[in-house]
Amino acid sequence: MDVLAGSATASSSYPHLLISNFYKNHCSSASMAAAPPPQWLQWKYLPVRIVEARAKSPLMCIMTMSLKRPINYANYSKIKKKLRLKKYAGSLHEVIKCSEKIRRHIFVFVAGLMVVMSASLSVSRALTEENLLFLEAWKMIDRAYVDKSFNGQSWFRYRENALRNEPMNAREETYMAIRKMLATLEDPFTRFLEPEKLTSLRSGTQGALTGVGLSIGYPTQLDGSAAGLVVISASAGGPANRAGILSGDVILAIDDTSTETMGIYDAAERLQGSEGSSVKLTIRSGPEIKHLDLMREKVSLNPVKSRLCAVPASGKDSPRIGYIKLPTFNQNASGAVKEAINTLRSNNVNAFVLDLRDNSGGLFPEGIEIAKIWLDKGVIVSIYDSRGVRDIYDTDGSKAVATSEPLVVLVNKGTASASEILAGALKDNKRAVLFGEPTFGKGKIQSVFELSDGSGLVVTVARYETPAHTDIDKVGVIPDHPLPTSFPKDEEAFCNCLQDPAYACNKVELFAR
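Only a predicted model underlies this, so the values are computations on that prediction, with no experimental measurement involved.

*Asks:* Can you walk me through the overall build of the chain in this structure?
*Replies:* The helix and strand tally for the chain stands at 15 helices and 20 strands. For the chain, buried positions account for 43% of its 513 residues. In the chain, 69% of the contacts between residues at least 6 apart in sequence involve partners at least 24 apart. A total accessible area of about 27,000 Å² is found for the chain, and carbon and sulfur atoms account for 53% of it.

*Asks:* Sorry, what's going on with the sheet that holds strand β12 (residues 305-310) here?
*Replies:* For sheets, the rule is that strands pair by backbone hydrogen bonds, running either parallel or antiparallel. Strands sit in the order β12-β13-β14-β17-β18 across an open sheet of five strands; the sheet is mixed. At either margin of the open sheet sits one strand with a lone partner, and together these are β12 and β18 (433-436). Averaged over neighbouring strand pairs, the angle between their axes works out to 20° when direction is ignored. Docked against the sheet, helix α15 (residues 491-499) engages β12, β13 (320-325) and β14 (351-355), running at close to 10° with respect to β12.

*Asks:* Quick question: what am I supposed to make of the environment of S417 here?
*Replies:* Looking at the element boundaries, S417 is found in the loop between β17 (407-411) and α14 (418-428). Taking the C-alpha atoms as reference, S417 lies 9.9 Å from I472; in sequence the two are 55 residues apart. Among residues more than four places away in sequence, those in contact with S417 are S360, G361, K442 and Y464.

*Asks:* What is the right way to read the side chain of R191 from this model?
*Replies:* Locating R191 in the fold gives a position in strand β3 (residues 191-193). An unpaired buried charge is present at R191: no salt bridge exists, and E269, the closest side chain of opposite charge, is 6.4 Å distant. Within polar-contact distance, the side chain of R191 engages the backbone oxygen of F189 at 3.4 Å. Contacts of R191, omitting those with residues within four sequence positions, involve L182, L201, Y265, G456, L457 and V458.

*Asks:* Looking at this structure, how should I read the nonpolar core?
*Replies:* The nonpolar side chains of a soluble globular protein tend to be buried, and buried together. Counting residues in each nonpolar core, the largest one holds 67 residues, and the members touching the most others are L354, W374 and L457. Broken down by element, this core gets its largest block of residues, seven residues, from helix α6 (residues 129-144). Ignoring anything within four residues of it in the chain, the contact list for W374 reads I324, V337, I341, F352, L354, A402, T403, L407, L426 and R431. I216, M262, A267 and L292 belong to the second largest nonpolar core, which has 20 residues in total.

*Asks:* Help me out: how do you make sense of unusual backbone geometry in this one?
*Replies:* Excluding glycine, most residues fall at negative phi; most peptide bonds, likewise, are trans. Within the chain, N151 stands out as a residue other than glycine whose phi angle is a positive 60°. In this structure, N348 takes a positive phi of about 60° despite not being glycine. Along the chain, N348 turns up in the loop between α12 (333-345) and β14.

*Asks:* Explain the pattern of salt bridges to me, please; I cannot follow it from the model alone.
*Replies:* Two side chains bearing opposite charge may form a pair once their charged atoms approach each other closely. Within the structure shown, the criterion is met by 20 salt bridges. Ionic pairing is found between E194 and K197, a salt bridge with its closest N-O pair at 3.1 Å. Judged by relative accessible area, which is 8%, E194 ranks as buried. Put simply, K489 and D358 hold a salt bridge, and the shortest N to O gap is 3.4 Å. Separated by 131 residues along the polypeptide, K489 in the loop between β20 (456-465) and α15 and D358 in the loop between β14 and α13 (364-374) bring together distant segments of the chain. A residue is classified by how much of its surface remains accessible, and K489, at 40% relative accessible area, is partly exposed.

*Asks:* Just checking my understanding: could you explain the state of the cysteines for this structure?
*Replies:* Working definition of a disulfide: a covalent bond connecting the sulfur atoms of two cysteines. Counted under the stated rule, the structure contains one disulfide. Each sulfur of the disulfide joining C309 and C495 lies 1.8 Å from the other. An S-S torsion of about -70° defines the bridge between C309 and C495 as left-handed. Separated by 186 residues along the polypeptide, C309 in strand β12 and C495 in helix α15 bring together distant segments of the chain. Comparing C309 with C495 shows no difference in burial state: the two are buried.

Conventions we followed
- Residues numbered from 1 in each chain as written.
- Predicted model: local features only at pLDDT ≥ 70, side-chain atom pairs only at ≥ 80, totals over all residues.
- Heavy atoms only, no water.
- Helix = DSSP H or I, 4+ residues; strand = E, 2+ residues; numbered from the N terminus.
- Buried < 20%, exposed > 50% of the residue type's maximum accessible area, 1.4 Å probe, protein only.
- Contact = heavy atoms within 4.5 Å.
- Areas by Shrake-Rupley, 256 points an atom, 1.4 Å probe, with all protein chains shown as cover.
- Pairing = 2+ DSSP bridges.
- Axes fitted to C-alpha atoms, helices over the stretch in contact; angles between N-to-C directions.
- Lys, Arg positive; Asp, Glu negative; His and termini not counted.
- Salt bridge = Lys/Arg side-chain N within 4 Å of Asp/Glu carboxyl O.
- Polar contact = N/O pair within 3.5 Å; in protein donor to acceptor, adjacent residues only side chain to side chain.
- Core = buried A, V, L, I, M, F, W, Y, C linked by side-chain atoms within 4.5 Å.
- Disulfide = S-S within 2.5 Å.

Here is the structure:
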């Protein structure tokens, strides 16, 4: 079908024609009495080159009848009177032969088309249930994946070759074929999930996971040291956090299996497991190598922790800062942030600190909703797919809760994905001042699709830019000011820091502007 479409030309005056009313009645004077040429019927599904060749044949018959002189349709009735059957018996015989050739051509063409259709139907009937599941996954990528070059390969040719050559006699073989297909995209964020892993992913966005409480990613630079996977963040109070694992540490091995060539999602699956089971980690923290044995437990992903921090000062207008720690973007995040703001406001806060450090992201819509809480108007993020701008998310202030109080946002290299969208929106709209270090730099968006057997695909569907049209992928959101390494990372330590003039907090002018 691709070859036929590609071979179409338009050299005739009527380039999309095949069979005409004139051909049906080519011996009828009524069909050619009118001055304009006959009206032709369209057949859109055939190649134009064949169409033109067949369409010209009746005209050639008439040209033979008129002693090969061009027909003037306006004077056709005069020409007709001059034609005599006996005199032009040979020409009439040529017309009949010509018409027969046309019929044979059409018969051969239609017969060939029926053979092709029959063959296609036979192939369709031969598809197994496993083939159909593979095709379902292929179609999902074809429709949703952001890179329509599919990493520089013919996606249709890959499908045909896979159906012909990849074994798909059992479900595990089909899963392997799907994984192999996705690997050709060379996109670590587009991946296949077995049914139980899809369920686990969904439970993670709902507020709890069983594991050691680590968010991991690929390191951007290892300074020539051994390869591994970088720790983006460790959930507060989780097994990894209690063991002293920090953002920026590198996981070298999981249960004595090197992570040098391990994907982040393979590693995440190894870190999760049944409650009470153990996992061995080899960690490089700076120059030190640690061997840790951690017990898996149910890690509650509490979306928000907040605290009122009163700063000692003379007078009734002493600073009262509302500190909000947001560690993840699950389905409860925006509601919890709104509740924290209202509670702090009831205690007469006059400034806010939003701590997004070590927040590795989560649900994209929650990031948008939280941005709307702080902004009275403005663009939040622009989404681009393979065809250009797909969506622009903005706000008109209808969902705003806190738009007037001074706001500081704390970020670090563990701030990733949805938290980068939020930080970029607040910075570019000049709603907040950012303190810390450049964020992780994940400027892509994934969507989760469920297949018919309960398995799923996580697919990179778009990239995004901040309101100032900054592409943060592999770069991150750049803060306005740095923070000292000793700056506290939880609500209690932050409040204590503000209350002691000797602490690092008081050396950083958070609300100088």
